[in-house]
Amino acid sequence: TPGAAITLNVEASSVAELSWQTTGSYDFYLVYRNEKPIAKLTQTQYTDELSCGSTTYQVRGCYADSSNYGLSSAVTVDVRAEVHQVSDLDTGQTLRLPYSDSQHRQTTRTLSRQVELLQLSGAYYPVAVEVDSGADSLSITAAITDDAQVQQLMGLVGKLVCAKTPQGDMVIGYIASMPKQHDGFLNVFNFTIEQIDYDDEVTL
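Structure report, in brief.

Scoring rules and cut-offs
Residues numbered from 1 in each chain as written. Predicted model: local features only at pLDDT ≥ 70, side-chain atom pairs only at ≥ 80, totals over all residues. Heavy atoms only, no water. Helix = DSSP H or I, 4+ residues; strand = E, 2+ residues; numbered from the N terminus. Rg over C-alpha atoms; globule rule 2.2 N^0.38 Å. Buried < 20%, exposed > 50% of the residue type's maximum accessible area, 1.4 Å probe, protein only. Contact = heavy atoms within 4.5 Å. Areas by Shrake-Rupley, 256 points an atom, 1.4 Å probe, with all protein chains shown as cover. 1 Å grid on protein atoms, 1.4 Å probe; cavity = no way out; pocket = protein on both sides within 12 Å on 5 of 7 lines; lining within 4 Å. Points joined across faces, edges and corners; volume = space filled by probe spheres on them. Nonpolar A, V, L, I, M, F, W, Y, C, P; charged D, E, K, R; others polar. Phe/Tyr/Trp six-rings, centres within 6.5 Å; stacked < 30°, edge-to-face > 60°. Lys NZ or Arg CZ within 6 Å of the ring centre and 35° of its normal. Patch = residues over 30% accessible without salt bridge, like charges linked within 9 Å, V, L, I, M, F, W, Y side chains within 5 Å. Salt bridge = Lys/Arg side-chain N within 4 Å of Asp/Glu carboxyl O. Core = buried A, V, L, I, M, F, W, Y, C linked by side-chain atoms within 4.5 Å.

## Describing the overall build of the protein chain
Phase 1 of the analysis: Regarding its fold elements, the protein chain presents one helix and 16 strands.
Phase 2 of the analysis: Rg of the C-alpha trace for the protein chain: 22 Å, well past the compact-globule value of 17 Å for 204 residues, more than 25% over.
Phase 3 of the analysis: Overall, the protein chain is about 65 × 60 × 25 Å in size when its C-alpha atoms are taken along their principal axes.
Phase 4 of the analysis: Taking all 204 residues of the protein chain together, the buried fraction comes to 37%.
Phase 5 of the analysis: Within the protein chain, contacts between residues separated by at least 24 positions form 57% of all contacts whose residues are at least 6 apart in sequence.
Phase 6 of the analysis: Total accessible area on the protein chain stands at roughly 12000 Å², and carbon and sulfur atoms take up 46% of it.

## Looking at the layout of surface pockets
Phase 1 of the analysis: Empty space within the largest pocket amounts to approximately 160 Å³.
Phase 2 of the analysis: Residue lining of the largest pocket: 13 residues in total, with S14, V15, Q85, S87 and T94 positioned closest to the centre.
Phase 3 of the analysis: Split into classes, the residues belonging to the lining of the largest pocket amount to four nonpolar, five polar and four charged.

## What to know about the packing of aromatic side chains
Phase 1 of the analysis: All chains considered together, the criterion is met by four aromatic pairs.
Phase 2 of the analysis: Summarising the aromatic geometry, the rings of W20 and Y29 are spaced 5.6 Å apart at their centres and angled 65° between planes, so their arrangement reads as edge-to-face. There is no split in this pair, since W20 and Y29 are both buried.
Phase 3 of the analysis: Judged by centre distance (5.8 Å) and plane angle (65°), the ring pair of Y26 and Y29 falls under edge-to-face.
Phase 4 of the analysis: The buried category is assigned to Y29, whose relative accessible area is 4%.
Phase 5 of the analysis: Through a chain of ring-to-ring contacts, the aromatic side chains of W20, Y26, Y29 and Y63 assemble into a single cluster.
Phase 6 of the analysis: For the cation-ring pair, K40 lies above F28, with the distance from its terminal atom to the ring centre recorded as 4.6 Å.

## What to know about a nonpolar patch on the surface
Phase 1 of the analysis: A contiguous nonpolar patch, built from L118, L120, V127 and V129 and spanning about 280 Å² of accessible area, is present on the exposed surface.
Phase 2 of the analysis: Residue position: L120 is located in the loop between β11 (108–118) and β12 (127–144).

## Concerning the pattern of salt bridges
Phase 1 of the analysis: All told, the structure shown has ten salt bridges when counted by the stated rule.
Phase 2 of the analysis: With a shortest N-O distance of 3.8 Å, K159 and D88 are connected by a salt bridge. Within this pair, whereas K159 is found in the loop between α1 (147–154) and β13 (160–164), its partner D88 is found in strand β9 (residues 84–88), the two being separated by 71 residues in sequence.
Phase 3 of the analysis: On the basis of relative accessibility, which here comes to 34%, the residue K159 falls in the partly exposed class.
Phase 4 of the analysis: For D88, a relative accessible area of 5% gives the class buried.
Phase 5 of the analysis: Between R113 and E130 there is a salt bridge, with the nearest N and O atoms lying 3.8 Å from each other.

## Overview of the nonpolar core
Phase 1 of the analysis: Core analysis: the biggest nonpolar cluster contains 18 residues, and V86, L97, L153, I175 and F191 have the highest contact counts within it.
Phase 2 of the analysis: When contributions to this core are tallied by element, the ones reaching two or more residues are β10 (94–97), β12, α1, β13, β14 (170–175) and β16 (187–195).
Phase 3 of the analysis: Other than its neighbours up to four places away in sequence, I175 contacts V86, L156, V157, G158, K159, V161, F191, T192 and I193.
Phase 4 of the analysis: Counting 16 residues, the second-largest nonpolar core is a separate cluster that includes I38, A39, V59 and V77.

Any functional reading would require information beyond the geometric quantities listed.
Structure below.
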């Protein structure tokens, strides 16, 4: 039996702000990002900080003692950071990194896929075998003059972070090292974050 209608609204910036309305009396809601449940909550609003680019959301209203539900229409938005940014996933604090030490800022995204080459008997050339593993990393250069922001960025070493760029790149991982250079005026950082196997799907 379908539940009462749910009207979903999504405001997109560097994050996605979801809010919804319903006349139903649901016990809890499930928030779906690209058909994957990422949050289970009782309130009628949610902020998704871990999306980037074209993203589709839906909200399902559920009952504690019944399998009936109500499902909102799908809403697709473009989530995009205004400037380079790094967010501490433990505290929720986001550090904006709008400046670089060069006029044309260079950000590097590196994707790789592991392929093994096997030399089989009777074959002149090796046979390629695709392995279900790979790597994805994002390298960012940032220039900072504010001492408090310098300390905040350096404090992210060894912490789980989410990095986003205005070009639509996003990775979730750890900053293993933070080289700092100083030219007498600017503090220049060049650091890399490698994507980890991070799954925020909720258990139903």
